[in-house]
Amino acid sequence: MNSLLGNIVSIEVSGSLSLVAVQVGPKTVIKSVVVETPSTAPHLQIGGDIKVLFKETEVIIGVGKQSNISLQNQVAGTVKHIDKGAILGKIVLETSVGEITSIISAKAIEELGLAQNIPAVALIKLNEVMLAKT
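What you are looking at is a predicted structure, and each value in this text was computed from that prediction instead of being measured.

Here is what the cut-offs are and how they apply
- Note that residues are indexed from 1 along each chain, following the sequence as it is written.
- Selection of residues for local features in this predicted model requires a pLDDT of at least 70, selection of side-chain atom pairs for listing and counting requires 80 or more, and totals for whole chains, interfaces and linings are taken over all residues.
- Note that water and hydrogens are dropped before the side-chain values are worked out from all heavy atoms of the structure.
- At least two DSSP bridges between two strands are required for those strands to pair.
- Helix and strand assignments come from DSSP, with helices taken as H or I runs of at least 4 residues and strands as E runs of at least 2, each series counted from the N terminus.
- For every element, the axis is a line fit to its C-alpha atoms; helices are fit only across the contacting stretch, and the angle between N-to-C directions ranges from 0 to 180 degrees.
- Only buried residues count toward a nonpolar core. Its members are Ala, Val, Leu, Ile, Met, Phe, Trp, Tyr and Cys residues joined through side-chain atoms within 4.5 Å.
- Exposed residues in this analysis have more than 50% of their type's maximum accessible area, buried residues have under 20%, and partly exposed residues fall in between, with area computed by a 1.4 Å probe over protein chains only.
- By the convention used here, residues are in contact when the closest approach between their heavy atoms is within 4.5 Å.
- Identification of polar contacts relies on pairs of N or O atoms within 3.5 Å, with a donor-acceptor requirement for protein atoms, meaning one able to donate a hydrogen and the other able to accept it, and with residues adjacent in sequence counted only if both atoms are side-chain atoms.
- The patch calculation keeps residues exceeding 30% relative accessible area without a salt bridge and links them within 9 Å when they carry like charges or within 5 Å when they are nonpolar (Val, Leu, Ile, Met, Phe, Trp, Tyr).
- Working definition of accessibility: Shrake-Rupley area with a 1.4 Å probe, residue cover restricted to the visible protein chains.
- What counts as a salt bridge is simple: a side-chain nitrogen of Lys or Arg found within 4 Å of a carboxyl oxygen of Asp or Glu.

Q: Even after reading the chapter, I still don't get the sheet that holds strand β1 (residues 2-14), so can you show me in this structure?
A: Hydrogen bonds between backbone atoms are what pair the strands of a sheet, whose relative direction is either parallel or antiparallel. Strand order in the open sheet made by the 5 strands is β3-β2-β1-β4-β10, with antiparallel pairing throughout. For this open sheet the edge positions go to β3 (28-34) and β10 (130-132), each flanked by a neighbour on one side alone. Strand-to-strand, the axes of this sheet are offset by a mean angle of 45 degrees, without reference to chain direction. Sheet topology places β1 next to strand β4 (residues 49-54); 6 bridges connect them, and they run antiparallel. Across the sheet, residue L5 finds its bridge partner in β4, namely K51.

What follows is the structure in structure tokens.
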């Protein structure tokens, strides 16, 4: 499980849903949709410390410019390590907010030309991001 620490910088509420933006680094904000609001979950407060969690299987890896896509959570980094098996592989990106791990297909690793020390981007759908009290 990927885990980053941050501070809540904005909360948009619609009914029982909240879109929460968390600053995890000087230039990096991760957004999450949660089925809670500040009135039902006291830990959802602007300025509050929060843990951002997401599974390795929910991290998409991109190479090159990521434009014209709906994924808002994009964290640039460099490939630190690849552990490639016959079907799946584990990619570890070194980013400005810490290491982010992804599990993708071995075929995708080959097709993207992933190798150590090349730039890549971790992309995470905002509905796959969980928030937890610190």
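We are not done yet, so read on.
Q: It is not clear to me how the nonpolar core should be interpreted in this structure. Could you clarify?
A: Across soluble globular proteins, nonpolar side chains have a tendency to be buried as a group. In terms of nonpolar packing, the biggest core is built from 29 residues, with V20, V22, L44, V52, I61, I91 and L131 touching the most fellow members. Residues contacting I61, with those up to four places away along its chain left out, are I91, L93, S102, I104, L112, L114, A120, V121, A122 and L123.

Q: How do you make sense of the pairing of β4 when you look at a structure like this?
A: A regular strand places its side chains on the two faces of the sheet in alternate fashion. Two strands pair when backbone bridges link them, and β4 and β10 are joined in this way by 3 bridges, in the antiparallel orientation. Residue V52 lies in a different strand from β10, and its bridge partner there is L131.

Q: Before we go on, may I ask you to explain the environment of E94 in this structure?
A: The residue E94 is located in strand β7 (residues 88-95) in this model. Look at E94 and you get partly exposed, because its relative accessible area is 35%. C-alpha separation for the pair E94 and Q72, spaced 22 residues apart in sequence, amounts to 19 Å. In contact with E94, other than residues within four places in its own chain, are G77, T78, K80 and E99.

Q: Just checking my understanding: could you explain the sheet that holds strand β9 (residues 119-124) for this structure?
A: The strand order β5-β9-β6-β7-β8 describes an open sheet built from 5 strands, whose pairing is antiparallel. Single-partner strands in this sheet number two, and they are β5 (59-62) and β8 (98-105). Strand-to-strand twist in this sheet, taken as the mean axis angle between neighbours without regard to direction, amounts to 45 degrees. Bridge count between β5 and β9: 4 bridges; the pairing is antiparallel. In the sheet register, V59 faces β9, and the bridge partner there is I124.

Q: It is not clear to me how unusual backbone geometry should be interpreted in this structure. Could you clarify?
A: The phi torsion of most residues other than glycine is negative, and most of the peptide bonds are trans. A positive phi angle is found at N117, which is not glycine, with a value near 70 degrees. Within the fold, N117 resides in the loop between α1 (106-112) and β9.

Q: How should I be thinking about the side chain of T95 in this particular structure?
A: Secondary-structure assignment places T95 in strand β7. On the accessibility criterion, T95 (8% relative accessible area) is buried. Separated by 3.1 Å, the side chain of T95 and the backbone nitrogen of V97 make a polar contact. Here G98 takes part through its backbone oxygen, which lies 2.5 Å from a polar atom of the side chain of T95. With residues up to four places along the chain from it excluded, the contact list for T95 reads V75, A76, G77 and I100.

Q: Is there a simple way to think about a nonpolar patch on the surface in this case?
A: Nonpolar side chains collect at one region of the surface, where L17, V33 and V35 lie side by side and expose about 240 Å² of accessible area between them. Its place among the elements puts V33 in strand β3. For V33, a relative accessible area of 32% translates into the label partly exposed.

Bear in mind that shape data such as this cannot, by itself, settle questions of function.
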